[in-house]
Amino acid sequence: MKRVLFVDDEPQVLEGIRRSLRPKRKEWNMVFCNTMREALVEVECHPTAVVVSDMRMPEMDGAEFLARVAALRPDAMRIILSGQMDEPSAVRAASVAHRFLSKPCDAKALEAVITHALRLSSGLGSDMRSLIGGLESLPSLPQAYLALNQAVANENVTMTDVARIVESDPGMSAKILQLVNSSFFGLPRKMVNISQAASYLGVGTIKTLVLANTLFHALGTAGLEAAERERTRSLLRARIARRLFVDRSRAEAASTAALLLHIGTLMLQSRLPIEHSANVALAEHRHVALHEIERERLGVTHAEVGAHLLGLWGLPSEIIDAVAGHHGSWSELTALDVRGGVRVAEALSTEVLSEAGDTPEAGLPPSVVDRLGISDAVSRMRDEFAATAPGGSR
């Protein structure tokens, strides 16, 4: 039975949660603590799957408490449940909390978030959950980090300038979307447009979130080269995915999913660099797809890792599904939805960026292009990329 810990210094709040979640008592081992010191003893002594904490407590705030929880149980999902949290506090909590919920929280909403967390954790081994759970942020590239640092130091910087930098980097983009989609901001629907999210948060919040919480992590020379290549591919994927759709909301979701498609690769590269390098080398040696080697040696693929991470952060389900399923069979695609658009963008970007000697994992089957009704759009983009490639043809 999974252990779920609730921490709040107001007894009536804990009692309200206890009553509202009473139907789950046969499925979850629920523990309620009035102090964070008591809660830390519980976490240290017992495996804990989910920790739900208030932000403002007498002994320490929720951000400090969850940081200690992360050190003790990195595989535990960490949730802030608070009715009194200003924007700076939300930014601090963003470095250690996976989700944010506002008081008063509807019982069904709280139950759904916890249920989703437990379902996510069941798909991965404890070691991989610990690696992902302990990840505060994804690595951003020095180019993007330095550009943002320079931009926010300029008093005349515009939100458009900042948004353009954020939108160019998968790590920054993922963290911005995590914060803006938290219930702290109370948006009526999930936001998937990164430029809009950056504009909504504002320059000050982004500066604190990205710079003060050290979104940039040194990767080493080999890691930086691979990350830079992925950044180039991710930007092209996002561009292609957006242009496949007439509907604006689908275009935004597909573009964001395409940008974050290999976020799991960034995670593995930053947290398991030796294993990741070995997997890449073995895949090249065997001439097989990387995800096949990951399944064999890690028991999980970068697609599943990425989807798990984005799920923890509460990103929209259509983005999570697209990331999770980007190695699926082409036969599964019968209509141009977000997942299908991302698959097409991945294949076309690989085709465009392939070089002599490359062996792309999969081309873009003409039958799929016809079936999805995107022949004209794909043909136009191929002609455009061929015309702009070095030498005038590709």
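What comes next concerns the included structure.

What counts and what doesn't
Residues numbered from 1 in each chain as written. Predicted model: local features only at pLDDT ≥ 70, side-chain atom pairs only at ≥ 80, totals over all residues. Heavy atoms only, no water. Helix = DSSP H or I, 4+ residues; strand = E, 2+ residues; numbered from the N terminus. Contact = heavy atoms within 4.5 Å. Salt bridge = Lys/Arg side-chain N within 4 Å of Asp/Glu carboxyl O. Buried < 20%, exposed > 50% of the residue type's maximum accessible area, 1.4 Å probe, protein only. Core = buried A, V, L, I, M, F, W, Y, C linked by side-chain atoms within 4.5 Å. Phe/Tyr/Trp six-rings, centres within 6.5 Å; stacked < 30°, edge-to-face > 60°. Lys NZ or Arg CZ within 6 Å of the ring centre and 35° of its normal. Pairing = 2+ DSSP bridges. Right-handed = clockwise from strand over helix to strand, strands pointing away.

## Overview of the overall build of the protein chain
A count of helical and extended segments in the protein chain gives 21 helices and five strands. Relative to all contacts within the protein chain whose residues are 6 or more apart in sequence, the contacts with residues 24 or more apart total 69%.

## Side note on the pattern of salt bridges
In total, this model carries 18 salt bridges according to the counting rule given. Put simply, arginine 243 and glutamate 384 hold a salt bridge, and the shortest N to O gap is 2.8 Å. Taken together, the residues arginine 243 in helix α12 (residues 221–243) and glutamate 384 in helix α21 (residues 375–388) connect sequence positions 141 residues apart. Looking at arginine 243, the relative accessible area reads 37%, which means it is partly exposed. Residue glutamate 384 is classed as partly exposed on the basis of its relative accessible area, which comes to 24%.

## Some points on helix α17 (residues 302–312)
In terms of burial, α17 is largely enclosed, as ten of its eleven residues are buried. Inspection of α17 places His302, Ala303, Val305, Gly306, Ala307, His308, Leu309, Leu310, Gly311 and Leu312 among the buried residues, and these make up the whole buried set.

## Considerations on unusual backbone geometry
With a phi angle near 60°, histidine 287 is a residue other than glycine that sits in the positive phi range. Its place among the elements puts histidine 287 in the loop between α15 (273–286) and α16 (290–298). Take histidine 287: its relative accessible area is 66%, and that puts it in the exposed class.

## Topic: the nonpolar core
Of all hydrophobic cores here, the largest spans 118 residues; its most connected members are Phe6, Val50, Phe65, Ile114, Ile206 and Leu310. In terms of residue count, the dominant contributor to this core is helix α19 (residues 338–353) (seven residues). Among all residues touching isoleucine 114, those that are not within four sequence positions of it are Val4, Phe6, Leu21, Trp28, Val50, Val52 and Ile79.

## Points about the packing of aromatic side chains
For any pair of aromatic rings, the description rests on two quantities: the centre-to-centre distance and the angle between the ring planes. With the rule as written, the count across this model stands at one aromatic pair. Look at phenylalanine 6 and phenylalanine 32: their rings are 5.1 Å apart centre to centre, the planes differ by 10°, and that puts the pair in the stacked class. Of the two residues, phenylalanine 6 sits in strand β1 (residues 2–7) while phenylalanine 32 sits in strand β2 (residues 28–33), which places them 26 residues apart along the sequence. A residue is classified by how much of its surface remains accessible, and phenylalanine 6, at 0% relative accessible area, is buried. Looking at phenylalanine 32, the relative accessible area reads 15%, which means it is buried. A cation over an aromatic ring shows up here: arginine 18 above the ring of phenylalanine 32, its NZ or CZ 4.3 Å from the ring centre. Residue placement shows arginine 343 over the ring face of tryptophan 330; its charged tip is 4.1 Å from the ring centre.

## Considerations on the pairing of strand β4 (residues 77–82)
Buried residues dominate β4, accounting for six of its six residues. Side-chain alternation along β4 places Met77, Ile79 and Leu81 on one buried face and Arg78, Ile80 and Ser82 on a second face that is also buried. Across four bridges, strand β3 (residues 50–53) lies against β4 in parallel orientation. Considered in β4, the bridge of valine 51 is made with arginine 78. Read as a crossover between parallel neighbours, the route from β3 over helix α3 (residues 62–72) to β4 is right-handed. As paired elements, β4 and strand β5 (residues 99–102) share four bridges and run parallel to each other. Looking at β5, one finds that isoleucine 79 is bridged to arginine 99.

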